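# Topology and contacts: notes
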Amino acid sequence: MEQTQREAQRQALAGVKVLDFSWAVAGPMTTKTLAVHGATVVKVESNLRLDGPRVAPPFRGKPGRNNSAYYTDINTSKYSITLNMTRPEGIDVAKRLVAWADIVAENFSPGVMGRWGLAYPDLKRIKPDIIMISSSMQGAAGPNATHPGLGQTLGALVGINHFTGWPDREPLGLAIPYTDVISPWFAATALLAALEHRDRTGEGQWIDVSQFETAVHMLAPAFIDYAANGRIQQRVGNRSPYWSPHGVYRCKGDSPQGDWVAIAVTSDEEWEGFRRAIGASGEGWTRDERFETTLGRVRHAGDLDALVEQWTVDLTPDEAVERLQAERVPSSVVATARELHADPQLAHIGQFVQVDHPRIGPHAHTHPAFWLSETPAAFRPGALIGEHNELVYKTFIDMPDDEYARLAEDGVFQ
Amino acid sequence: MASGQTPLPLDRYRVLDVTTEHGYLCGRLLGDLGADVIKIEPPSGDPGRRFGPFHGDDPHPEKSIGWWAYNTNKRGITLDLQTADGQELFRQLTLTVDFVVESQAPGYLEGLGLGYADLARLQPSLVMASITPYGADGPRAGFAATDMTIVAAGGLMHLTGNEDRAPLHVALPQAQAQAGVQAALGALVAHHHRRMTGRGQHVQVSMQSAIVNTLIDIQQHWDIDRKLGERGLSTSWGPLKTRILYPCKDGYVTWRWFVDRGRGRRNKGLLEWMREEGADDGVADWDFEALTLYTMTQDQVDTLQAAVERFFATKTREEIYREARARRFLSFPVQGPPEVFRDEQIQSRDFFREVEHGELNERIVYPGAFVKTTAGDYGVRRRPPLIGEHNEEVFLEELGLTRDELITLREAGIV
C-alpha cells in the first residue's frame, strides 16, 4: 500500500478524489483513465445490486462477483466500497463521501441520483465547489432523456448503423457498444477542464454527457454535408469514392470467419508500389489500361477488387502485408483479438498491461491510447467487492470505529 | 453562439496545431475548451483540405467539409517547416505556447529539429501530444496506413459485417477522430500535472491503440478463454445466438431481449403490445425473469425473434419508437442524417448550431458542444480558418515581425 501510494504521488492526477457511482461501461471507463493516472477513485457498489460487468464473462474459474476479467479491466486501480443506498443511513454516508470528493461521477438513468437526494443542487449544498458528471444515453434533459437503452442499440439512433454495412444489405452497425466506448474520452476531457475551472474560479459544475451527442461528433462530416448540401451519405461497404483498390480481401488461413487483409491504394505512387508488390502474379492485369489512372481504377473498382483477391487468396494476411509494406502500400492484417495479443507493435508500446489479480491471477489490461513520458499510467488489480470499506470509511472520511461497526452490523454496507 | 460571459477553462492557454487528418480533433477540442489554437498549414494549404465532400460540391480547398468538421475554434497560419526560416519561426512560436499537438509521420519533426526534445529545451514546461498510426517507434511504426487499415489493425473490423462477406469499416473515418479525443485527454492529464508541478511532458498517442480501446471485453475473452468474437447479423450471447437488428415497414430498428430476474421484465412492454394486436404467438406469456441464458433454448430464442420480426414488419420506425418510449422497451430506430436532425431529443437540446461563414455569405450547421455544462458553452465560436487567414495577426501583431519581413517570407514561399 505504501509503495502504491508513493507511486501515485508521482502520477499526474495524484490528489484528485473521485466518488464514483458509475456502473456498466461508459462511466467506469471514464474513471478508469483517471484512476490509472493516480486519482483516488472510490467506486460505490452494493452486493444487493451488482454492477453488470462484475458478473459478466470472461471469468477465471467458476463465475463469481470477484473474478470477471471484464470487470477488472475497466475498474483497474479503483477502490471498492459497498453501500446500501436503499437505507437512509446509506444515503447519509454517501453525503459524507461527497464532502470528501472533488468529483462525483454517475451514469444511472436520469433521475436516479435525484431520488437519493444526490442531484447536483443537493451535492452543491454539501460541497459548493463539487464537480458532478452525469453520463447517459441521450443527456440528462429532453423528451427522451429517460428512454432506456444500451450502447449496443443506441448506435442506430445516431447513424452508426446507417453508415456501416454493404449497400445491398442491412445497416449493420458495429459489433461493440460504440457509444459506450467513445463517450468516456470526451467525458474525462471535460472533467479535467472542470478541475482547472474550479481551481481558477472556486466554482464547481455539472457536466451532462449525452452518448448520442458525443457519437454525432464521430460522424460530423456526414451531418454537415447533409445540412449544407442536402446529400444523404450512405453505407458503402469498404469502398472509397476517391480511391481504388480500397477494401478487405480474403487470404489463406483457417480462422473460423476467414483470414483477411485490408488494402488502401491512395495515389498513383502507391498503385506503382502495389504493382511491384504483387510482381509476376499481376503481370497482365495490373497493366490493364482501365487501371492506369485514379479515375479508371475508381470506375472499375468492382473488377479491380476481384483481381486483387485472386492475388491475396494464396497468401496469409502477414505475407500479403509484408510484401505491400515493403512497397509502402497502406495495408494491414484484419486482426482478431488473437492477433492483437501477438502484435509486436502493441507489445512494443505496452498496450496490454499484465496485472496480477488475487482471484484471477495475471491477466491483460487495456492501456488507454495515450502514454505520458514523465508520469506513466499505473495499474492495480480491480478491487474485490467492498475490499476497501475500512480504508475508505475509517481513513478517508474519518468514521469512528464504533459507528463503522454499528453500520456494518446493521447492513448499511451491504 | 458563445455564451460570451463565462470564461472558458483553457482561455489563458495557447496551442500550436501541426496535425494532419490523423489528429485534427485534438486541437479542436482544446479550442472548444477555450484555448487559442493556431493551426499551422503548408503555404499551399493543409493536404486534408483536398478531401470531400465539399460545400456546394465545389472541390475548393476552402470548402472541404471533412476539413471544416474538425478545425473549428482554430486560427490558421501558413508556414513551410522544410525551410530554415519556417523552423526558426516555429521555434519562436513555441516560446509563446503551452501545448504543441501534431500527427506528422514518426521522426518527421525530429528530422527538422522540431521534435519534443528540441522544443522542450526551449520551453521546458511544454506539453506536446504526438499522434501516429502505430506509435512513435517499434517494428510497425513505419507502416503505411489509412484510417481503414488502422481500424483493421486495431481489431474492430473483423467483428463488423455479415458473416458471409468480408469484414467492414464504417463509411467515415473513425481511428483519427478517436485518436484526436484521446490526444486531447492525454494532453490535459499532462497539463494537470504541469499545473501542480510546473513540469511538461510528451504525450504519445497510437491510433491503433485507440481502436483497441473500443473493444472492451473482446481482448479479455481471448486472454482468459481463447474465445474470439464473431461478426454477423446474429452473434453469440452466452450459449445462444441472438440478433438486435430487425427490418420494419420503412427501414430498420434495434431491439434486444433480456432474461434473468429484474432484467427479464424489460421485454414486457413490447410483448404486451404484440399481444394487444394478437401477434405475440404466445411468447408474451413466457416468464423471462425465470429464464437465464443457460436455461433458455435456441428454439425459444428463434420463436421469440421470429414473432418480433413478423410484428415489426407491420410497423414503421416512428410507430415502434413511439410505443417503445410509451411502453419503455429497449428499441431505437435506425436513423440517417435527416432523421437525426429531426430527432426531438436532439432538437430539444439545441445541439446543432449555425456558424457564420462570412466568406460564403452563409451559415453552416455544425454539431454542438461535446458536453453540456453549467460552467459555460463549449460550442463552436469560430468557423474554421481560411488558408493563412491569421498570418498578419500572428506574425506581425503577436510575433513582432515587420511588414517587410512578412513580405520577404511570402516571396520566398515560406508563409
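Residues numbered from 1 in each chain as written. Chains lettered and ligands numbered in written order. Predicted model: local features only at pLDDT ≥ 70, side-chain atom pairs only at ≥ 80, totals over all residues. Heavy atoms only, no water.

Attention shifts here to the overall build of chain A. Secondary structure assignment for chain A yields 18 helices and 12 strands. Principal-axis analysis of the C-alpha atoms gives chain A an extent of 85 × 50 × 40 Å. Looking at the 414 residues of chain A, the share that counts as buried comes to 62%. Within chain A, contacts between residues at least 6 apart in sequence are counted, and of these 67% link residues at least 24 apart. (Helix = DSSP H or I, 4+ residues; strand = E, 2+ residues; numbered from the N terminus. Buried < 20%, exposed > 50% of the residue type's maximum accessible area, 1.4 Å probe, protein only. Contact = heavy atoms within 4.5 Å.)

This paragraph deals with the pattern of salt bridges. In total, this model carries 62 salt bridges over all chains according to the counting rule given. With its nearest N and O atoms 3.3 Å apart, the salt bridge here joins D343 of chain A to R140 of chain B. Of the two residues, D343 of chain A is situated in the loop between α15 (337-342) and α16 (344-349) and R140 of chain B in the loop between β5 (127-132) and α6 (147-153); the pairing between them involves two chains. The exposure class of D343 of chain A is buried, given its relative accessible area of 6%. Exposure remark for R140 of chain B: the relative accessible area of 21% places this residue in the partly exposed category. Notably, a salt bridge pairs R383 of chain B with E389 of chain B, separated by 2.8 Å at the nearest N-O pair. For E389 of chain B, a relative accessible area of 34% corresponds to the partly exposed category. (Salt bridge = Lys/Arg side-chain N within 4 Å of Asp/Glu carboxyl O.)

The strand order across the open sheet formed by 3 strands is β9-β10-β11 (chain B), and the pairing between neighbours is antiparallel. The outermost strands of the open sheet, each flanked by one partner alone, are β9 (245-248) and β11 (331-333) of chain B. With direction set aside, neighbouring strand axes in the sheet form an average angle of 30°. Strand direction decides the pairing type here: strand β10 (residues 251-255) of chain B and β11 of chain B, joined by 3 bridges, are antiparallel. When the bridges of β11 of chain B are listed, W255 of chain B appears paired with S331 of chain B. Taken strand by strand, helix α7 (residues 151-158) of chain A contacts β10 and β11 of chain B, and its axis lies near 25° from that of β11 of chain B. (Pairing = 2+ DSSP bridges. Axes fitted to C-alpha atoms, helices over the stretch in contact; angles between N-to-C directions.)

Now for the interface of chain A and chain B. At the junction of the two partners, chain A supplies 149 residues and chain B supplies 147 residues. Buried area between chain A and chain B, summed over both chains or domains, comes out near 12900 Å², and the portion from carbon and sulfur atoms is 64%. The interface formed by chain A and chain B contains 9 salt bridges. In this structure, D199 of chain A and R195 of chain B form a salt bridge, with 2.7 Å as the shortest nitrogen-oxygen distance. (Buried area = accessible area lost by both parts, 1.4 Å probe.)

Residue and element names in this part refer to chain A. For helix α8 (residues 178-201), which comprises 24 residues, the first-to-last C-alpha distance of 35 Å matches the rise-based estimate of 34 Å (1.5 Å per residue) to within 8%. Most of α8 sits inside the fold, with 21 of its 24 residues counted as buried. G202 occupies a position one or two residues after α8 and carries a positive phi of about 80°. (Expected span 1.5 Å × (residues − 1).)

Our focus in this paragraph is the sheet that holds strand β2 (residues 40-45) of chain A. Here we have 7 strands laid out as an open sheet, ordered β3(A)-β2(A)-β1(A)-β4(A)-β5(A)-β6(A)-β14(B), and mixed in their pairing. At either end of the open sheet lies a strand with only one pairing partner, and these are β3 (79-82) of chain A together with β14 (372-373) of chain B. Each of β5 (131-136) and β6 (205-210) of chain A is contacted by helix α9 (residues 211-218) of chain A, which is oriented at about 65° to β6 of chain A, the strand it contacts most.

Turning to unusual backbone geometry, a few remarks are in order. Residue P58 of chain A follows P57 of chain A across a cis peptide bond; omega there is 5°. Mapped onto the elements, P58 of chain A comes out in the loop between β2 and α3 (69-74). Of note, the bond from G52 of chain B into P53 of chain B is cis; its omega dihedral lies within 30 degrees of zero at -5°. By the secondary structure assignment, P53 of chain B is in the loop between β2 (36-41) and α2 (65-69). At A24 of chain A, a residue that is not glycine, the phi angle is positive and equals roughly 60°. Within the secondary structure, A24 of chain A is located in the loop between β1 (17-20) and α2 (26-36). The exposure class of A24 of chain A is partly exposed, given its relative accessible area of 33%. Residues other than glycine seldom take positive phi values, yet D281 of chain B does so here, at roughly 50°. By relative accessible area, which is 48% here, D281 of chain B ends up partly exposed.

With that out of the way, let us pick up the pairing of strand β4 (residues 103-106) of chain A. All names here are of chain A. Along β4, one buried face is formed by I103 and A105 and the opposite face, lined by V104 and E106, is buried too. Pairing of β1 with β4, which is carried by 3 bridges, proceeds in the parallel orientation. When the bridges of β4 are listed, L19 appears paired with V104. Here β4 runs beside β5; their pairing, made up of 4 bridges, is parallel. Paired with E106 across the two strands is S134, which belongs to β5.

A few words now on the domain arrangement of chain B. Residue and element names in this part refer to chain B. Domains assigned within chain B are domain 1 (14-212 + 349-411) and domain 2 (219-342). Here the C-alpha centre of domain 2 lies 41 Å away from the C-alpha centre of domain 1. Contact residues are listed per partner, giving 11 residues for domain 1 and 6 residues for domain 2. For the domain 1 face of the interface with domain 2, the top three residues by lost area are L159, E163 and F352, together amounting to 59%. At the boundary of domain 1 with domain 2, the tally comes to 0 salt bridges. Applying the counting criterion to the domain 1 and domain 2 interface returns 4 residue pairs in polar contact (both at pLDDT 80 or more). Partitioned by chemical class, the residues of the side of domain 1 that touches domain 2 number 5 nonpolar, 4 polar and 2 charged. (Domains from an automatic or database assignment. Polar contact = N/O pair within 3.5 Å; in protein donor to acceptor, adjacent residues only side chain to side chain. Nonpolar A, V, L, I, M, F, W, Y, C, P; charged D, E, K, R; others polar.)

This next bit is on empty space enclosed by the protein. As enumerated under the stated definition, the model contains 7 cavities of 30 Å³ or more in all. In this structure, the largest cavity encloses a volume near 100 Å³. M29, K32, T33, D73, I74, W185, T366 and P368 of chain A together with V212, N213 and I216 of chain B together form the lining of the largest cavity. Within the residue set of the lining of the largest cavity, elements represented by two or more residues are α2 and α3 of chain A. Among the elements that take part in the lining of the largest cavity, α2 of chain A stands out by supplying 3 residues, more than any other. Class assignment of the residues belonging to the lining of the largest cavity gives a composition of 6 nonpolar, 3 polar and 2 charged. The volume enclosed by the second largest cavity comes to roughly 50 Å³. Lining the second largest cavity are G27, T30, T31, A105, E106, I133, S135 and A187 of chain A. Mapped onto the lining of the second largest cavity, the elements with two or more residues apiece are α2, β4 and β5 of chain A. (1 Å grid on protein atoms, 1.4 Å probe; cavity = no way out; pocket = protein on both sides within 12 Å on 5 of 7 lines; lining within 4 Å. Points joined across faces, edges and corners; volume = space filled by probe spheres on them.)

Time to look at the packing of aromatic side chains. Applying the stated criterion to the full structure yields 33 aromatic pairs over all chains. The interplanar angle of 15° and the centroid separation of 6.4 Å between the aromatic rings of Y120 of chain A and W206 of chain A together place this pair among those described as stacked. Of this pair, Y120 of chain A sits in helix α6 (residues 120-126) while W206 of chain A sits in strand β6, placing them 86 residues apart in sequence. Consider the rings of F370 of chain B and Y378 of chain B, whose centres lie 5.8 Å apart with planes at 25°: the pair is stacked. Over the ring of F258 of chain B we find R266 of chain B; its NZ or CZ atom is 4.7 Å from the centre of that ring. (Phe/Tyr/Trp six-rings, centres within 6.5 Å; stacked < 30°, edge-to-face > 60°. Lys NZ or Arg CZ within 6 Å of the ring centre and 35° of its normal.)

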